[in-house]
Each structure stands twice: as C-alpha cells, then as structure tokens.
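Descriptive analysis of the structure
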Amino acid sequence: MNKAFTIDYYINKVLDFFKGYMDIDKKQNAVLSYAIRLVINSIIAYSMALIPALIFGNFNNVLIITLTFAALRVFSGGAHNSSILNCSINGAIISNILGFLPKYLVLNKSIMFSIIIFTFLFSLWAIGKYAPADTPSKPITTKAKRQVLRRNSFVVVCIWCFISIVWFIKASHVTTYIYASTLGILWQSFTVTTSGYKLYSVADKALLYFRREEI
Amino acid sequence: MKKRLLQAAITLLTFLALSNIASATSVMGYQPEIPQELLD
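Computed from a predicted model, the values in this text were never measured in an experiment.

Next up on the list: the packing of aromatic side chains. Residue and element names in this part refer to chain A. As enumerated under the stated definition, the model contains twelve aromatic pairs over all chains in all. Between F122 and W125, the aromatic rings sit 5.7 Å apart at their centres with planes inclined by 40°, giving tilted as the arrangement. Placement of both F122 and W125 in helix α5 (residues 109-130) is noted, with a separation of three residues, approximately one turn of the helix. Here Y209 and F210 contribute two aromatic rings whose centre-to-centre distance is 5.7 Å and whose plane-to-plane angle is 70°, an arrangement assigned as edge-to-face. Given the relative accessible area of 54%, Y209 is considered exposed. Members of the aromatic cluster, joined through ring pairs, are F118, F122, W125 and Y130. We note K109 situated over the ring of W167; from NZ or CZ to the ring centre the distance is 5.6 Å. The side chain of K109 reaches across the aromatic face of F168, ending 4.7 Å from its centre.

Here is the structure:
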C-alpha cells in the first residue's frame, strides 16, 4: 500500500503520539494540528532558504535577511503564495539572490546610509498605505486590530532604523548585519504593496506551471 | 516526566497557534487555513 507522505501524515503522527499519553479533545486537536502545521511549514521554508545559503557561503546574510523579513511580516502582513512548497521555493530564490548582494556588491558607508534612509522612508510609506496587508485565508476584520498591527509595524521599522543609525555613527565600515537587514526590511515592505502582490501572484503561477499543477 | 514534557510541548504549541492568530500573517509567504475552533 502506498502512503502519501504529506504534511498531514506527519501532523497526524505527532498528534497520535500526544494522544498516546493524554486525552486531547476535538478543539485541542484542531489547535495542535494548526500549530504543528506552522512548525513544519517554518522548518521547510527556512531549510529551503538556508541550506542553499550554506552551500553558497551566504548563510549569515540569508539568515539575517529572513529573520528581519519575518520580524516585520508578523505585523505588516504581505503577499502570499498558494502552497507551502511555492512559498519555500519563492523565499529560497529571493533570499539567496538578496544574500549575494552584501557579498558581491560592496558599498561604502555613505551609499549604505542613503539606502538605509530610502528603505526607512519607503517602509513608512508602504506600511502607512497598505499595512496590515491581509489575505483571504486570514482577513483582519476589526479596526482595532488593524491599528495595533500597523503601529507595531512602524515600531519594528523605527527600531531597525535606530540600530542602523547607531551603527552608522559608531562603525568604520558596512557590516553584514546592516546591509542584510536593510534588504530584509526592503523586501518585506515591497511585499505589502500592490506591486508586491502582483509579483508574488506571477511567481506563484510560474511555479505552479513548472510544477505541472493547475493554476 | 514524559507527560510533563508533553504538556509543556502542548502549551508551547497552543501559544504558537494563538500568536499566529493575533499576528497579521505567518512569518513565511504561506498562510495555512485557520481551523474554526481557533476563530471561535
């Protein structure tokens, strides 16, 4: 008998393990199933981004880019892919391409500072206009929640900018942290815009086509 | 001991699920479907 080794298969395996030791009702089962899916999705997505980064020698850059991206994304939302595999492939490609920039496109402090200021202003504009950017699978329905998420998005961007400016004053050269985190913030800010949604939609359709799946 | 560890794991996973509901989206470019039990 052929078993489909899908994410659901592994989620059920973990839940069966839990159920072997304690009683789990229907509601807890649904909550745990969702949480385990989030964990597995994260492992898949980060592995697919970081393993190529390790091979290419960009691990630090890609790690900082993805973590900065995630820190802002939690509050600002942004464009999505239609499946975890498309999300992982898309994320791996973009983060690794961006990861090459600090390595091969060396910038001096003044240019880096200009990019930081541009990224800060662009992020403020994108967040002010579009954030929080929700999806059909997780709509943000209350005004209060919208305001809290938008405010927290601004806080994340301001904290990042503050750290970057402190670096600019103290450091003598462009560091990986500042360069990579700037790219992470810029990428995430772009994904909340209309153009970011369009780009993700095109990338998603292209991935579905190459994977021979129905669009 | 094992049961306590599993209870801790369940607590952590429940916290993760609720944190995700409170946030705008998941940290990657894919948002799985939220079960009705979490929305209630």
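Now that the structure is up, let's keep going.
All names here are of chain A. UniProt marks residues 31-49, 55-75, 87-105, 111-131, 152-171 and 177-200 with the feature "transmembrane region" (unreviewed entry), using the numbering shown here. Helix makes up 100% of residues 31-49 and strand 0%, whereas the separation of the span's terminal C-alpha atoms amounts to 27 Å. Segment residues 152-171 splits into 95% helix and 0% strand. End C-alpha atoms: 28 Å apart.

This next bit is on the packing of α5 of chain A against helix α6 (residues 143-170) of chain A. Angle between the axes and distance between the axes are the two parameters that describe a pair of packed helices. Residues and elements named next belong to chain A. It is the contact of α5 with α6, at a shortest axis distance of 10 Å, that shows an interaxial angle of 170°. Our classification of the angle between α5 and α6 gives roughly antiparallel. For the pair formed by α5 and α6, the contact residues are K109, M112, F113, I116, T119, F120, S123, L124, I127 and G128 on the first element and R150, S153, F154, V157, C158, W160, C161, S164, I165, W167 and F168 on the second. Looking at the contact of α5 with α6, its residues break down into 14 nonpolar, five polar and two charged.

About the thresholds
Residues numbered from 1 in each chain as written. Chains lettered and ligands numbered in written order. Predicted model: local features only at pLDDT ≥ 70, side-chain atom pairs only at ≥ 80, totals over all residues. Heavy atoms only, no water. Phe/Tyr/Trp six-rings, centres within 6.5 Å; stacked < 30°, edge-to-face > 60°. Helix = DSSP H or I, 4+ residues; strand = E, 2+ residues; numbered from the N terminus. Buried < 20%, exposed > 50% of the residue type's maximum accessible area, 1.4 Å probe, protein only. Lys NZ or Arg CZ within 6 Å of the ring centre and 35° of its normal. UniProt positions renumbered as here; feature names shortened; annotations may be inferred. Axes fitted to C-alpha atoms, helices over the stretch in contact; angles between N-to-C directions. Parallel < 35°, antiparallel > 145°, perpendicular 65-115°, else oblique. Contact = heavy atoms within 4.5 Å. Nonpolar A, V, L, I, M, F, W, Y, C, P; charged D, E, K, R; others polar.

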